[in-house]
Amino acid sequence: MQTVRAILLMILAMALLALSDVFIKLSSQVLSPGHVMFFLSVGGTLCFMLIAKWQGAKLLSRDALHPWVLARSGLEIVGGLGLVLSIGVIPLSLFAAIMQMAPLVVTLGAAIFLKEPVGLRRWLAIFAGIIGMLLVIRPGAQGFEPEALFAVMGVCGLGLRDLITRLSPSHIPSISLATWGFSATIPIGLGLILISDAPTQMSAITAWHMGAGIVVTTLGYYAVTQAMRMAPAAIVSPFRYTRLIFTMSLGILIFGERPDTMTLTGAAIILAAGLYALYRERKLALEQDTLKRQAAR
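For clarity, every value in this text was computed on a predicted model and none was experimentally measured.

1. Describing the pattern of salt bridges
Phase 1 of the analysis: Scanning the entire structure with this criterion turns up five salt bridges.
Phase 2 of the analysis: With its nearest N and O atoms 3.4 Å apart, the salt bridge here joins R72 to E76. Within this pair, R72 and its partner E76 are both found in helix α3 (residues 67-87), separated by four residues, close to a single helical turn. You'll find R72 and E76 in the same group, each marked buried.
Phase 3 of the analysis: Of the charged contacts in the structure, one is a salt bridge between R161 and E76, with a shortest N-O distance of 2.9 Å. In this pair, R161 is assigned in helix α7 (residues 148-167) and E76 in helix α3, connecting sequence segments 85 residues apart. Of the two residues, R161 and E76, neither departs from the other in class, the shared state being buried.
Phase 4 of the analysis: The structure contains a network of salt bridges with shared partners spanning R72, E76, R161 and D162.

Here you go:
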């Protein structure tokens, strides 16, 4: 029953994050990327601070200066910047397809930077995902949108952030990591505002979009953390891909997007590659657990 609740919570989290994409895109139609990032960073940080206080987690701690924590916050900046810069200017369907590369980025980063063993089948899954992403972006071909490269920057930053999270000291609460990561993006938003010439006047509807974006982003982020704690990651993680369905559907319903055949094909390849890589990781983990139990006898 606990596992079922975790799966449902993960699906809810992906729906909330898909709504976050929508509200960020709506806000970006009026506000500059700097304003969107600043408001999202400040609002998210305040929400996480309230959750941290409720949980009794320490935020004023030397752990915030731990090298892995600082590296994680830096990647949060890269990922958040890429997300905000891309989501306002490219179709949501295109953005959603690229962002599904995150689990494959984690596997690739673990192989390159942590020297974790990755078998031939998972390497093939990674390469298949890259091919799928190239079909979505189609560099050099007709219909290529250079702004999509910001989404690639975003997925690389967020994927490597998730990898670094695994290396952060285990005694640090997840909510503390989230608060420090969000707060690190505040100066970047301010810096973008200073170099931006976009109108700063905010209407009531834009303020509502921005406020709703802050709420659903925070709730989605927190729901992911809780779902991952309630059940094994190998069981829950595949349901992250429901975000692709939610975001594409909202893009079609709200913005009238019509993903072409190549985008849908690339998204399907990325989805299949990511799910297969997760399946292989789960199978290998089960085999290792079996060997450990046999050696302990």
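2. Regarding the nonpolar core
Phase 1 of the analysis: Of all hydrophobic cores here, the largest spans 45 residues; its most connected members are F95, I98 and M133.
Phase 2 of the analysis: Per element, the largest residue contribution to this core is seven residues, and it comes from helix α4 (residues 92-99).

3. Description of a nonpolar patch on the surface
Phase 1 of the analysis: The grouping of L120, L124 and F127 at the surface amounts to a nonpolar patch, some 340 Å² of accessible area in total.
Phase 2 of the analysis: Mapping L124 onto the fold places it in helix α6 (residues 120-137).

4. A look at the packing of α3 against α7
Phase 1 of the analysis: Contact geometry for α3 and α7: axes closest at 7 Å, N-to-C directions at 155°. In terms of orientation, α3 lies roughly antiparallel with respect to α7. The handedness of the crossing between α3 and α7 comes out as left-handed.
Phase 2 of the analysis: In terms of residue class, the contact of α3 with α7 is built from 14 nonpolar, seven polar and three charged.

5. What to know about the environment of G34
Phase 1 of the analysis: Take G34: it is sitting in helix α2 (residues 33-55).
Phase 2 of the analysis: Assessed through its relative accessible area of 2%, G34 is described here as buried.
Phase 3 of the analysis: When the C-alpha positions of G34 and P146 are compared, they lie 19 Å apart, and in sequence the two are 112 residues distant.
Phase 4 of the analysis: What G34 contacts, discounting residues up to four positions off in sequence, is G189, L192 and I193.

6. Section: the packing of α3 against helix α8 (residues 174-184)
Phase 1 of the analysis: Where α3 contacts α8, the axes come no closer than 8 Å and their chain directions differ by 50°. Accordingly, the angle class assigned to the pair α3 and α8 is oblique. Where α3 crosses over α8, the handedness of that crossing is right-handed. Between α3 and α8, the contacting residues are V69, R72, S73, E76 and I77 on the first element and L177, A178, W180, G181, F182 and A184 on the second.

7. A word on the environment of M14
Phase 1 of the analysis: In this fold, M14 is placed in helix α1 (residues 2-28).
Phase 2 of the analysis: Measuring from C-alpha to C-alpha, the distance between M14 and Y241 comes to 8.0 Å, with 227 residues separating the pair along the chain.
Phase 3 of the analysis: Those residues within four positions of M14 in sequence are excluded, and the remaining contacts are V224, F239, R240, T242, R243 and F246.

8. Things to note about the side chain of S176
Phase 1 of the analysis: Inspection of the secondary structure assignment puts S176 in helix α8.
Phase 2 of the analysis: Apart from the residues lying within four places of it in its own chain, the contact partners of S176 are A57, K58 and L59.

9. Re helix α12 (residues 242-255)
Phase 1 of the analysis: For α12, with 14 residues, the first-to-last C-alpha span of 19 Å sits near the 20 Å given by 1.5 Å per residue.
Phase 2 of the analysis: By the burial criterion, the buried members of α12 are T242, R243, L244, T247, M248, L250 and G251.
Phase 3 of the analysis: Just past α12, the residue G256 takes up positive phi, approximately 65°.

Analysis parameters
Residues numbered from 1 in each chain as written. Predicted model: local features only at pLDDT ≥ 70, side-chain atom pairs only at ≥ 80, totals over all residues. Heavy atoms only, no water. Salt bridge = Lys/Arg side-chain N within 4 Å of Asp/Glu carboxyl O. Helix = DSSP H or I, 4+ residues; strand = E, 2+ residues; numbered from the N terminus. Buried < 20%, exposed > 50% of the residue type's maximum accessible area, 1.4 Å probe, protein only. Core = buried A, V, L, I, M, F, W, Y, C linked by side-chain atoms within 4.5 Å. Patch = residues over 30% accessible without salt bridge, like charges linked within 9 Å, V, L, I, M, F, W, Y side chains within 5 Å. Areas by Shrake-Rupley, 256 points an atom, 1.4 Å probe, with all protein chains shown as cover. Axes fitted to C-alpha atoms, helices over the stretch in contact; angles between N-to-C directions. Parallel < 35°, antiparallel > 145°, perpendicular 65-115°, else oblique. Left-handed = near helix turned anticlockwise from the far one by under 90°. Nonpolar A, V, L, I, M, F, W, Y, C, P; charged D, E, K, R; others polar. Contact = heavy atoms within 4.5 Å. Expected span 1.5 Å × (residues − 1).

None of the figures reported here should be taken as evidence of function without further support.
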